[in-house]
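In case you want the letters, here they are:
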Amino acid sequence: MFAVLNARFHEQEAYIVAEAGIPGAITIATNMAGRGTDIKLGGSLDMRVALETASIADEAEKAAKAAAIKAEIEAFRETVLKAQDIVEIEPAKGGKPAKTITKPGGLYIIGSERHESRRIDNQLRGRSGRQGDPGRSKFFLSLEDDLMRIFGSDRLDTMLQRLGLQEGEAIIHPWINKALEKAQQKVEARNFDIRKNLLKFDNVQNDQRKVIFEQRVDLMKDDGVAETVTDMRHALIDDMVSKHVPEQAYAEQWDVVGLKDELQRVLDLDLPVDEWAKEEGIADEEMRARIEKAADERMASKVAQWGPKTMRDIEKHFLLQTLDYLWREHLVMLDHLRQVVGLRGYGQRDPLQEYKSEAFTLFENLIAQLREAVTAQLMRVEIVPPEEQQAQLPRMEAHKLDPNTGEDEMAFANASLVPVGGEERDPNNPQTWGKVGRNEDCPCGSGKKFKHCHGRYT
């Protein structure tokens, strides 16, 4: 009796593991560690009772069946416990008989290879001998396994030659076990370094996430973000003026044209910056103050037009929406950066330090983009009343022509979208009828449909 335990038999997984402890049962598993079900010698009483008595309606019959199952499992358990195995610990040599030892039965774990982690091997060993029950485990492996081939000792061939092992002979020397443990330790150390390095990269992103989320929570709790928006607008103007009108620079060196174009593009302000620059004794501070005054007056007029409450809602909406969008884009950029920053190691530079530096620069750009986007949107936003929105929308008509007659079958529906009052149509003057649907009553008052009266094809 054997069972195969892998991902294809997910529904029967618990039952297969529970029945792995009955006498003579062989369970072939891809990996037995964990699985969430304990292996009990003789089988699982609860699971068998639940399965075999589910279709029994009579309580007395169900109880009798459960008692029989319990007795059977106890018999199975005794059979498994009394099973013995004779193990040869020393082969026959020089006329002396082989030295053997008798070991009790129980669950026998046979591993076909060793895992990269000793923890998983110990989990497999722990499947046998649970709760004081007898049991043993044994692992078989080849020196051609990836674990020994990649991470094994380089002196393994020399070690085997010293031991005098022949081709095909089993290797059970303690030296080999030591080499295997060393290989597992190398793999564990390598995996630990990989996880530790990934955690350092994640910490960079996590620090930025904390800053963004703390600010976002504060913005959501505030009743209004007018002060935050004003600070953003002033900081943006400072950056624009500092870029085009440097300190300690002559007026001839100012980029007045660039400043004017950027004010028009970002703030939607057409200011006479070129004329200001020609004034005697003007400096960058005065230029900055005039631009801030013009921008503040534009925003103040919007508040006066729509009211403080409406403006607070608009400001918070734009700020949160823009922050979420830019943060998502920033996370994508960080993922792309992490994938390529490892190449910096070929240039004798630490990829982690390069990642930190680049990520900080991207975060600064995120804040600058947030200031510019929010300010530009608020400087251009306009509120249109619902009735004006409806009036601005063009009337949409649907048309479906009959291929045989060429008649517009949707004419009546389109005409009904714009009803015409009866007093506007003169039955005696077709010029006042306007567009009449084919299935509509003829305005002449004949009682016929338009398509059979004045709209009839002649």
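The rules behind each value
Residues numbered from 1 in each chain as written. Predicted model: local features only at pLDDT ≥ 70, side-chain atom pairs only at ≥ 80, totals over all residues. Heavy atoms only, no water. Helix = DSSP H or I, 4+ residues; strand = E, 2+ residues; numbered from the N terminus. Buried < 20%, exposed > 50% of the residue type's maximum accessible area, 1.4 Å probe, protein only. Contact = heavy atoms within 4.5 Å. Areas by Shrake-Rupley, 256 points an atom, 1.4 Å probe, with all protein chains shown as cover. Expected span 1.5 Å × (residues − 1). Arc of directions from axis to C-beta. Axes fitted to C-alpha atoms, helices over the stretch in contact; angles between N-to-C directions. Left-handed = near helix turned anticlockwise from the far one by under 90°. Nonpolar A, V, L, I, M, F, W, Y, C, P; charged D, E, K, R; others polar. Salt bridge = Lys/Arg side-chain N within 4 Å of Asp/Glu carboxyl O. Phe/Tyr/Trp six-rings, centres within 6.5 Å; stacked < 30°, edge-to-face > 60°. Lys NZ or Arg CZ within 6 Å of the ring centre and 35° of its normal. Core = buried A, V, L, I, M, F, W, Y, C linked by side-chain atoms within 4.5 Å. Parallel < 35°, antiparallel > 145°, perpendicular 65-115°, else oblique. pLDDT = per-residue confidence, 0-100.

Caption draft 1: Quick peek at the overall build of the protein chain. Across its full length, the protein chain carries 15 helices and 6 strands. Going through the 458 residues of the protein chain one by one, you find that 30% of them count as buried. Considering only contacts within the protein chain whose residues lie at least 6 apart along the sequence, 56% involve residues at least 24 apart. Total accessible area computed for the protein chain in this model is approximately 30300 Å², and 52% of it derives from carbon and sulfur atoms.

Caption draft 2: Structural context of unusual backbone geometry. Phi is positive for D268, which is not a glycine, with a value near 55°. Residue position: D268 is located in the loop between α9 (256-267) and α10 (273-277). Judged by its relative accessible area of 28%, D268 falls in the partly exposed class. One non-glycine residue, Q348, lies in the positive phi region at around 60°. For Q348, the location among the structural elements is in the loop between α12 (308-341) and α13 (351-380).

Caption draft 3: Geometry of α9. Compared with the 16 Å implied by 1.5 Å per residue over 12 residues, the 16 Å span of α9 between its first and last C-alpha is a close match. Listed in full, the buried residues belonging to α9 are V256, G258, L259, E262, L263, V266 and L267. The buried residues of α9 occupy one face: seen down the axis, they fall within an arc of 155°. Summarising the contacts, the buried residues of α9 are in contact with α8 (226-244), α10, α11 (284-306) and α13. Downstream of α9 by one or two residues, D268 has phi in the positive range, about 55°.

Caption draft 4: Expanded view of the packing of helix α2 (residues 45-52) against helix α3 (residues 59-82). Put simply, α2 and α3 touch, their axes get as near as 10 Å, and they point 145° apart. Read as a crossing pair, α2 and α3 show a hand that is right-handed. Here α2 contributes L45, R48, V49 and E52 to the contact with α3, which in turn contributes K65, A66, I69, K70, E72, I73 and F76. In terms of residue class, the contact of α2 with α3 is made up of 6 nonpolar, no polar and 5 charged.

Caption draft 5: Up close: helix α7 (residues 174-221). Over its 48 residues, α7 extends 66 Å from the first C-alpha to the last, a length consistent with the 70 Å expected when each residue adds 1.5 Å. Among the residues of α7, those classed as buried are I176, A179, L180, A183, Q184, V187, F201, V204, Q205, Q208, I212 and L219.

Caption draft 6: Spotlight on the environment of D274. Here D274 shows up in helix α10. Given a relative accessible area of 33%, D274 falls into the partly exposed group. Along the primary structure D274 and D255 are separated by 19 residues, whereas in three dimensions their C-alpha atoms are 9.4 Å apart. Excluding residues that lie within four positions of it along the chain, D274 makes contacts with V256 and K260.

Caption draft 7: Quick peek at the pattern of salt bridges. Tallying each qualifying case throughout the model produces 22 salt bridges. We note a salt bridge from D324 to R216, for which the minimum N-O separation is 2.7 Å. Of this pair, D324 sits in helix α12 while R216 sits in helix α7, and the two are 108 residues apart along the sequence. Taking the relative accessible area as the measure of exposure, D324 reaches 24% and is therefore partly exposed. Of the charged contacts in the structure, one is a salt bridge between D239 and R371, with a shortest N-O distance of 2.9 Å. Placement of D239 in helix α8 and of R371 in helix α13 is noted, with a sequence separation of 132 residues between them. The class for D239 is partly exposed, based on a relative accessible area of 40%. Through salt bridges with shared partners, a single ionic network connects R48, E52, K65 and E72.

Caption draft 8: A look at the packing of aromatic side chains. Tallying each qualifying case throughout the model produces 2 aromatic pairs. Each ring, one from F213 and one from W327, has its centre 6.4 Å from the other, and the planes form 65°; the classification is edge-to-face. Here F213 is found in helix α7, whereas its partner W327 is found in helix α12, with 114 residues between them in sequence. Exposure remark for W327: the relative accessible area of 7% places this residue in the buried category. A cation over a ring is seen here: R114 above F139, with NZ or CZ 5.4 Å from the ring centre.

Caption draft 9: Just the nonpolar core, in detail. Grouped together as the largest cluster of nonpolar side chains are 44 residues, with contacts concentrated most on L259, L263, L267, L271, M287 and I291. For this core, the secondary-structure elements that each account for two or more residues are α7, α8, α9, α10, α11, α12 and α13. At 8 residues, α12 tops the list of elements feeding residues into this core. In this view, L259 contacts M240, V241, H244, V245, V273, M287 and I291; residues no more than four positions away in its chain are not counted. Counting 9 residues, the second largest nonpolar core, distinct from the first, contains I16, V17, A20 and I39.

Caption draft 10: Seen up close, the packing of α9 against α13. Running from N to C, α9 and α13 point in directions that differ by 75°, and their axes come no closer than 8 Å. Looking at the two axes, α9 sits roughly perpendicular to α13. Between α9 and α13, the contacting residues are Q264, R265, V266 and L267 on the first element and E372, T375, A376, M379 and R380 on the second. Residue composition of the contact of α9 with α13, by class: 4 nonpolar, 2 polar and 3 charged.

Caption draft 11: Representation of the confidence of the model for the protein chain within the structure. Residues at a pLDDT of 70 or more form 82% of the protein chain, whose mean pLDDT is 80. A low-confidence stretch, residues 415-422 (pLDDT under 50), is modelled with 7 contacts involving residues beyond four sequence positions or located in other chains.

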